[in-house]
Amino acid sequence: MIENLNDRQLEAATNLDGPMLVLAGAGSGKTRVLTTKVAYLLDQKDISPKNILAITFTNKAAKEMKERIFNLIGREAFLIQISTFHSFGLKLLKENYELLGYESNFTILDADDSLTVIKKIMKEQGIDSNKYNYRAIRSSISDNKNEMVSVSEYEKFVYTDYDKVVYEVYKEYENSLKRSNAIDFDDLLLLPIKLFSEHKEVLEKYQEQYKYVFIDEYQDTNKPQYLMSKMISAKYKNITVVGDNDQAIFTWRGADYKNILNFEKDYPDAKVVILDENYRSTKTILKAANNVIKNNKIRKEKNLWTNNEEGPLIKYYKAFDEKDESGFVVKEIKKLIDDGINPNEICVLYRANAQSRNVEEAFLQSNISYRIVGSYAFYNRKEIKDLIAYLKLVHNEKDDVSLLRVINYPKRGIGSKSIENLAIESKNNNCSMYEAISGGKEEFKKIIELLKKEKDKMSLTDFVDLVLDKTGIKESLKNEHTLEADIRLENLEEFKSITKNVEEADGIVSLEDFLDELSLVSDASENQKEDEDKVTLMTMHAVKGLEFDYVFVVGVEEGLFPHLNSMNSEEELEEERRLCYVAITRARKKLYIINSRSRLLYGKVSSNVPSRFIAEIGDDLLEQEKKESIFTKKINREEMITNNDLKPGDLVKHEKYGNGVVLNIEGKIATISFTKNGVKKLLKDHKAIKKVQMEV
DNA sequence: ACTGTTCGATTTTTT
DNA sequence: ATCGAACAGT
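Residues numbered from 1 in each chain as written. Chains lettered and ligands numbered in written order. Predicted model: local features only at pLDDT ≥ 70, side-chain atom pairs only at ≥ 80, totals over all residues. Heavy atoms only, no water.

*Asks:* Quick one: what's the story with the overall build of chain A, residue by residue and with numbers?
*Replies:* Along its length, chain A carries 29 helices and 24 strands. Over its C-alpha atoms chain A spans a radius of gyration of 28 Å, differing by no more than 12% from the 26 Å that the globule rule assigns to 696 residues. Projected onto the principal axes, the alpha-carbon positions of chain A cover approximately 85 × 70 × 55 Å. Carbon and sulfur atoms make up 49% of the accessible area of chain A, which amounts to about 32,000 Å² in all. One way to put it: in chain A the 106 positive side-chain charges average out to a point 4 Å from where the 117 negative ones average out. (Helix = DSSP H or I, 4+ residues; strand = E, 2+ residues; numbered from the N terminus. Rg over C-alpha atoms; globule rule 2.2 N^0.38 Å. Areas by Shrake-Rupley, 256 points an atom, 1.4 Å probe, with all protein chains shown as cover. Lys, Arg positive; Asp, Glu negative; His and termini not counted. Charge placed at Lys NZ, Arg CZ, Asp CG, Glu CD.)

*Asks:* Let's hear about the nonpolar core: which residues, and what values?
*Replies:* Of all hydrophobic cores here, the largest spans 45 residues; its most connected members are Tyr379, Leu387, Leu391, Leu403, Phe444, Phe463 and Phe495. No other element matches the eight residues that helix H17 (residues 382-395) contributes to this core. Filtering out sequence-adjacent residues up to four positions away, Phe463 remains in contact with Leu391, Val394, Leu451, Glu454, Lys455, Met458 and Leu511. Counting 40 residues, the second-largest nonpolar core is a separate cluster that includes Ala26, Ala583, Leu591 and Ile614. (Core = buried A, V, L, I, M, F, W, Y, C linked by side-chain atoms within 4.5 Å. Buried < 20%, exposed > 50% of the residue type's maximum accessible area, 1.4 Å probe, protein only. Contact = heavy atoms within 4.5 Å.)

*Asks:* For the protein's contact with DNA strand C, give the residues involved together with the corresponding values.
*Replies:* Around DNA strand C, the structure places Lys119, Lys123, Tyr134 and Glu484. Contacts to DNA strand C include Lys119, whose side-chain N or O atom sits 3.5 Å from a phosphate oxygen. Considering only residue class, the surface near DNA strand C consists of one nonpolar, no polar and three charged. (Near = heavy atom within 4 Å. Polar contact = N/O pair within 3.5 Å; in protein donor to acceptor, adjacent residues only side chain to side chain. Nonpolar A, V, L, I, M, F, W, Y, C, P; charged D, E, K, R; others polar.)

*Asks:* Tell me what's going on with unusual backbone geometry, and back it up with residues and numbers.
*Replies:* For the peptide bond that leads from Tyr409 to Pro410, omega is -5°, which places it in the cis range. Within the fold, Pro410 resides in the loop between helix H18 (400-406) and helix H19 (416-428). Along the chain, Phe561 connects to Pro562 via a cis peptide bond; the corresponding omega equals 5°. Assignment of secondary structure puts Pro562 in the loop between strand E15 (548-553) and helix H26 (570-584). Positive phi is not limited to glycine here, since Met148 has a value of about 60°.

*Asks:* So what's going on with the sheet that holds strand E8 (residues 271-275)? Which residues, and what values?
*Replies:* Here we have six strands laid out as an open sheet, ordered E3-E2-E6-E7-E1-E8, and parallel in their pairing. Each end of this open sheet is capped by a strand with a single partner; those strands are strand E3 (81-84) and E8. On average, each strand axis in the sheet is tilted by 15° relative to the strand beside it, whichever way the strands run. Contacts between helix H2 (residues 30-44) and the sheet are confined to strand E1 (20-24), strand E2 (52-56), strand E6 (212-215), strand E7 (239-243) and E8, with E6 contributing the most and set at about 170° to the helix. (Pairing = 2+ DSSP bridges. Axes fitted to C-alpha atoms, helices over the stretch in contact; angles between N-to-C directions.)

*Asks:* Hey, could you go over the pattern of salt bridges for me, with residue numbers and the actual values?
*Replies:* Per the counting criterion, the structure on display carries 57 salt bridges. A salt bridge links Asp112 to Lys385, with the shortest nitrogen-to-oxygen separation between them at 3.0 Å. In this pair, Asp112 is assigned in helix H5 (residues 111-124) and Lys385 in helix H17, connecting sequence segments 273 residues apart. For Lys385, a relative accessible area of 13% translates into the label buried. What you see here is one network of salt bridges that share partners, running through Arg280, Glu345, Glu547, Asp549, Arg588 and Lys589. (Salt bridge = Lys/Arg side-chain N within 4 Å of Asp/Glu carboxyl O.)

*Asks:* Quick one: what's the story with the side chain of Thr461, residue by residue and with numbers?
*Replies:* Here Thr461 lies in helix H22 (residues 460-470). Leaving out residues up to four positions away in the same chain, Thr461 has contacts with Lys496, Thr499, Lys500 and Glu503.

*Asks:* So what about the packing of helix H21 (residues 442-454) against H22? Which residues, and what values?
*Replies:* Direction vectors running N to C along H21 and H22 enclose 165°, while the axes themselves pass 11 Å from each other. Judged on the interaxial angle alone, H22 and H21 are roughly antiparallel. Where H21 crosses over H22, the handedness of that crossing is right-handed. Facing Ile447, Leu450, Leu451 and Glu454 of H21, the residues of H22 in contact are Phe463, Leu466, Val467 and Lys470. (Parallel < 35°, antiparallel > 145°, perpendicular 65-115°, else oblique. Left-handed = near helix turned anticlockwise from the far one by under 90°.)

*Asks:* Account for the protein's contact with DNA strand B, with residues named and values stated.
*Replies:* Neighbouring DNA strand B are 26 residues; Arg253, Arg351, Asn353, Ser418 and Thr539 lie closest to it. Arg135 places a polar side-chain atom, nitrogen or oxygen, 2.9 Å from a phosphate oxygen of DNA strand B. Take His563: an N or O atom from its side chain is 3.3 Å from a sugar or linking oxygen of DNA strand B. Sort the elements by how many residues they give to the surface near DNA strand B and H19 lands first, with three residues. For the surface near DNA strand B, a count of residues per class yields six nonpolar, 15 polar and five charged.

*Asks:* Give me the lowdown on the side chain of Arg299, citing residues and values where you can.
*Replies:* The topology assignment puts Arg299 in the loop between helix H14 (283-293) and strand E10 (305-306). Within the structure, the side chain of Arg299 is placed 2.8 Å from the side chain of Asp246, a separation counted as a polar contact.

*Asks:* Please set out the packing of H17 against H22 residue by residue, giving values where relevant.
*Replies:* Closest axis-to-axis distance for the H17/H22 pair is 10 Å, and the angle between their directions is 105°. As judged from the angle between their axes, H17 and H22 are roughly perpendicular. Contact residues: H17 offers Leu387, Tyr390, Leu391 and Val394, while H22 offers Phe463, Val464, Val467 and Leu468. Residue composition of the contact of H17 with H22, by class: eight nonpolar, no polar and no charged.

*Asks:* Requested: an account of helix H10 (residues 200-209), with residues and values cited.
*Replies:* Of all the residues in H10, the buried ones are Val202, Leu203, Tyr206 and Gln207. On an axial view of H10, the arc spanned by its buried residues comes to 140°, and they lie on one face. Residues of H10 that are buried sit in contact with helix H4 (85-96), helix H9 (187-198) and helix H11 (223-232). (Arc of directions from axis to C-beta.)

*Asks:* I'd like a description of the pairing of E1, backed by residues and values.
*Replies:* Extensive coverage of E1 is indicated by the burial of five of its five residues. Residues Met20, Val22 and Ala24 point to one face of E1 and Leu21 and Leu23 to the other, with burial holding for every one of them. By the bridge criterion, five bridges tie E1 to E8 in an arrangement that is parallel. What sits directly across from Ala24, in E8, is Leu275. Note that E1 and E7 share four bridges and pair parallel. Paired with Met20 across the strands is Thr240, a residue of E7.

*Asks:* Could you give an account of the sheet that holds strand E19 (residues 622-624), naming the residues involved and the relevant values?
*Replies:* In spatial order, the strands read E13-E14-E12-E15-E16-E11-E19; together these seven strands make up an open sheet with parallel pairing. On the outer flanks of this sheet lie strand E13 (370-372) and E19, each paired with one strand and no other. Ignoring strand direction, the axes of neighbouring strands in this sheet form an average angle of 25°. Where E15 and strand E16 (residues 587-596) come together, five bridges link them in parallel fashion. Looking at E16, one finds that Val553 is bridged to Ile593.

*Asks:* Can you break down helix H15 (residues 322-338) residue by residue, with the values?
*Replies:* Because each turn of an α-helix spans 3.6 residues, side chains separated by three or four positions end up pointing in the same direction. Between the first and last C-alpha of H15 there are 24 Å, a value that for 17 residues agrees with the 24 Å anticipated at 1.5 Å per step. Those residues of H15 not exposed but buried are Glu322, Asp324, Glu325, Ser326, Phe328, Val329, Val330, Glu332, Ile333 and Leu336. (Expected span 1.5 Å × (residues − 1).)

*Asks:* Outline the packing of aromatic side chains, listing residues and values.
*Replies:* This structure, assessed with the given rule, holds 17 aromatic pairs. A centroid spacing of 4.8 Å and a plane angle of 45° characterise the contact between Phe57 and Phe250, whose relative ring orientation is tilted. With Phe57 in the loop between E2 and helix H3 (59-73) and Phe250 in the loop between E7 and helix H12 (258-261), this residue pair connects regions lying 193 residues apart in the sequence. Per residue, the accessibility class of Phe57 equals that of Phe250, and both read buried. (Phe/Tyr/Trp six-rings, centres within 6.5 Å; stacked < 30°, edge-to-face > 60°.)

Here it is as structure tokens:
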């Protein structure tokens, strides 16, 4: 198994004991090293697979690691604890909930659920939502939790009015979750640490169990994750961490890449291995990545190199608008598929989830089958969330968030006034809203009680059917007779096919296990069959750790990538650049970069200039695609372009004066030099002036 | 007290 | 597109 490893990889994979830091550049075979090391460990040492803990960053990565270890050692691989920090945290909570004061059927709130709780609290406290944005308050609370600042500790840091609001909401938020027997995503990391700190004997048990610990993507660990790694490996100190500070893209979520830089301080006797030979990409792709990342100032110099062939130039296409952009992507992907390329080897990357729609529509029209990985997908649809809320409520009746979502859906004549009263009642009795139900709302309670009785008598899929039936969801959608309602019904059917898939794969599935999986996975693609040949669509964040032969990056424009919201500081900009580095290094054979002069996004048309990252890649690595698509033949391109944002250097065409170039803009006046008519000062927004694209 | 309609604001990235 | 607030109607 250790054949074919290079010297450094071999060194990393065979030094089994003690702390080790593996600085692994993109595509340098770090997953290979990790999986080999695990297999070698089991071969050499007298330990059980159950003594190994391996933490990855995404569920997808965990799944892949399991498969690769399975290929090396067979079925024993499934006994190894391989999971994300969050699912490992959940496992710890499932095993120790009493010690932390929870009941066994606790609910996990996702980010949307947390927001609902926060909205409710802010309304109750009479906080003006125009002055204090719900989302801002939520992220402040989450930031505190990720920095491990508790409510009582935060009280000491309250200075401004804003702090005061955050404090009050934070306090009530924590109380409210406790009343609902609920935890949020941050708690999945925080509660295990609380458990370990307060119950040394429990910590010791886990230290004894997980004698060997592996942490992937260590540069993206936040404080609780860092602590969890440290605590659990403190006894034997057999901890191997792998990462690359050039790929730190989650600092906005509290991740601190200094964790990886400080590893040698934490463990002075740590062995350090640097993997800098890239086996994945062509020389061209790697050069592009290096050209981009070297612009970062806060960075440890590093030189990733490859012996792979030069490979084709990066294809660069400047589109007119988002339709032209997706048209180009479709055209190129069709070419690849016609050449016999498997669609599984193609992926399309974007900065924001909202961009997926544009590509999706083009794929639908041209019958390219695709899968979308990401949070705007299936589970975020209203009808699916409604159904899940019922399931969650059946599982944990104290789940106020779910109750609020469905108590009046479908309409049962329970309006805001009744709900308000219910909330007051529950507050007064310090109980959940469900427990406070009385009078006219009993009908709702009866439905839930009935479902509770039935849930263990049938398969999960049948139970979902029963829920749709008894709650009246199905009926109310059927009665709508609109296209929208039909789509919602179809999605609910799709949900049943997911539960069916899960049941077929895992045998009988309990509601609890299914809900756990839902809240951690939050992505339908994980539960879909993966054996079909499909092009993958996802964000650049989600693609971390994966690789494809052909990678398309769309929307490479200033404002979108780097994102406008990330242009406030040099640090944020450097993180965008690392994201660009991650995106580029996903490609094995060929990279495509596409941007658009104008695009419709979030219901608005915006016009953007090409991203600075394209200039950083450098012209000599780019091959610009000429506009020869059907699109140009149909539409007079000059009509496509508005003159609303003339800048010095732009080429223009004037109805009377002909072609010219903009020399200067002062307020509304543009100074333009015309080829045949000399320099003129004109109103820049005059309709006689049209901006002309610069290339052929 | 609940329902329906309209208008306006709002959307980075994830476990 | 979706959600919430505000208002009018039942």
